[in-house]
Amino acid sequence: MFPKVQSPESRRMITLEVRRTARTSPGFTTVTLGGPELAHLLPTGRDQAVRLFFPRAGQDGLTMPTLSSEAWMAQILLLPKSRRPWVRNYTVRRVRPELDELDIEFALHGGDTPACAWALGARPGDPAGIFDMGLTYLPPAGAGEQLLVADESAVPAALAILEHAPASLVAQVFLEVPGTADIRTDLAAPEGVRVHWLARDGSAGIPGRLALDELRAATLPQGLSYTWAAGESGLVTGVRRHLVRDRGVPKSDIAFHGYWRHGRSSPG
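Not measured: the values here are computed from a predicted model.

J.: Would you mind going over the overall build of the chain in detail, with residue names and values included?
T.: For the chain, the helix and strand inventory stands at five helices and 11 strands. Scaling as 2.2 N^0.38, a compact globule of 268 residues should have a C-alpha radius of gyration of about 18 Å, and the chain matches this with 18 Å. The proportion of buried residues among the 268 residues of the chain is 49%. Contacts in the chain between residues at least 24 apart in sequence constitute 72% of all its contacts with a sequence separation of at least 6. Working note: accessible area of the chain is about 12300 Å², and carbon and sulfur atoms make up 52% of it.

See below:
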């Protein structure tokens, strides 16, 4: 799923600890991780994804894999649940190498998932770990106007993409969030980027459906050169289907990434 930005030999398991947390908005919280091992992470900007390792409730510490190849997954599954950490995919929101710190922003989803519960309860000194997974936002060189679509689970990735974008970027961006209070008024984006913030504000609809409806009704330029869509499975498959069937966009110009599926929890 994640094209690699480093050779497998240069990636490694990185053990860190919580330095602080901050409530970004009612629907999001940010956890800052830090430690000297962060020097082994090569920051790439954009939507740099990592596997995030964190303890289960009741565990005394964090058991990290000792393997840095994909064989670590089998190693994790062989552990009893009393020692097995939770593992989830997240995007690096910001990195401050000079401080050995990085931020990961969590969409809270009501706080009813293991990752949300951990983020809300994290305290300075709590252990965590990461493993670099690379990028999914990979527009071709010289790409023209782009389209970015995300629900709240992918908003941190979209914001990181925009903050690292070249000044020449021209794009339409649809970002769905739980409420108006989650809209970021301080977003730094290139002048040619138009951001459409879409707040559900109490609507019981499935996350991502509002963004998909708005996209279907939107006036888009002819000849989109690249689309990146991420979030709930129905959103990203709906974006791809609409662009291909209704707007004649080539499938090869669309990158779509299902982060989660409504009504289905991730395995433990």
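Structure's up, so let's keep going.
J.: Please give an account of the nonpolar core that cites residues and values.
T.: Ranked by internal contacts, the top residues of the largest apolar core, which has 24 residues, are Tyr137, Leu148, Val155, Leu169, Val173, Leu175 and Trp228. Listed by contribution, the elements that provide at least two residues to this core are strand S7 (146-150), helix H3 (155-163), strand S8 (171-177), strand S9 (193-199) and strand S10 (226-232). The leading source of residues in this core is H3, at six residues. One finds Leu102, Ile104, Phe106 and Ile130 within the second-largest nonpolar core, a separate group that totals 22 residues.

J.: Now, about the sheet that holds S10: what can you tell me, with residues and values included?
T.: Within a sheet, neighbouring strands are paired by backbone hydrogen bonds and run either parallel or antiparallel to one another. Reading across from one edge, S9-S8-S7-S10-S11 is the order of the five strands in this open sheet, with parallel pairing throughout. At either end of the open sheet lies a strand with only one pairing partner, and these are S9 and strand S11 (254-260). Here the average twist between neighbouring strands, direction ignored, is 10°. Two strands pair when backbone bridges link them, and S8 and S9 are joined in this way by seven bridges, in the parallel orientation. Looking at the pairing, Leu175 lines up with Trp197 of S9. The strands that H3 touches are S7, S8, S9, S10 and S11; relative to S8, the one it contacts most, it runs at about 150°. Its contacts with the sheet put helix H5 (residues 233-247) on S7, S10 and S11, and the angle it makes with S10 is roughly 150°.

J.: Any chance you could break down the sheet that holds strand S2 (residues 28-34) for me, citing the residues and the numbers?
T.: Judged by pairing direction, the barrel is antiparallel, and its six strands sit side by side in the order S1-S2-S5-S4-S3-S6 before closing back on the first. The mean angle between the axes of side-by-side strands here comes to 45°, regardless of whether they run parallel or antiparallel. Where strand S1 (residues 14-25) lies against S2, seven bridges are found, and the strand directions are antiparallel. The residue of S2 that forms the bridge with Ser25 is Phe28.

J.: Requested: an account of the side chain of Thr30, with residues and values cited.
T.: One can find Thr30 in strand S2. In terms of polar contacts, Thr30 uses its side chain to reach the side chain of Thr24, at 2.7 Å. Those residues in contact with Thr30, other than ones at most four positions away along the chain, are Arg20, Thr21, Ala22, Thr24, Asp103, Ile104 and Glu105.

J.: With reference to specific residues and values, describe helix H2 (residues 114-121).
T.: For H2, the full list of buried residues reads Ala115, Cys116, Trp118 and Ala119. The arc that holds the buried residues of H2, viewed along the axis, is 165°, so those residues lie on one side. Looking at the packing, one finds that the buried side of H2 touches S1, S2, strand S3 (49-54), strand S4 (86-96), strand S5 (101-107) and strand S6 (127-134).

J.: Lay out unusual backbone geometry in plain terms, naming residues and giving numbers.
T.: We note that Asp100 has phi near 55°; this positive angle belongs to a residue other than glycine. Along the chain, Asp100 turns up in the loop between S4 and S5.

J.: Kindly report on the side chain of Arg93, identifying the contributing residues and their values.
T.: Relative to the assigned elements, Arg93 resides in strand S4. Judged by relative accessible area, which is 4%, Arg93 ranks as buried. A polar contact of 3.1 Å, which involves the side chain of Arg93, links it to the side chain of Glu163. Those residues in contact with Arg93, other than ones at most four positions away along the chain, are Asp103, Glu105, Pro156, Leu159, Ala160 and Glu163.

Rules of the game
Residues numbered from 1 in each chain as written. Predicted model: local features only at pLDDT ≥ 70, side-chain atom pairs only at ≥ 80, totals over all residues. Heavy atoms only, no water. Helix = DSSP H or I, 4+ residues; strand = E, 2+ residues; numbered from the N terminus. Rg over C-alpha atoms; globule rule 2.2 N^0.38 Å. Buried < 20%, exposed > 50% of the residue type's maximum accessible area, 1.4 Å probe, protein only. Contact = heavy atoms within 4.5 Å. Areas by Shrake-Rupley, 256 points an atom, 1.4 Å probe, with all protein chains shown as cover. Core = buried A, V, L, I, M, F, W, Y, C linked by side-chain atoms within 4.5 Å. Pairing = 2+ DSSP bridges. Axes fitted to C-alpha atoms, helices over the stretch in contact; angles between N-to-C directions. Polar contact = N/O pair within 3.5 Å; in protein donor to acceptor, adjacent residues only side chain to side chain. Arc of directions from axis to C-beta.

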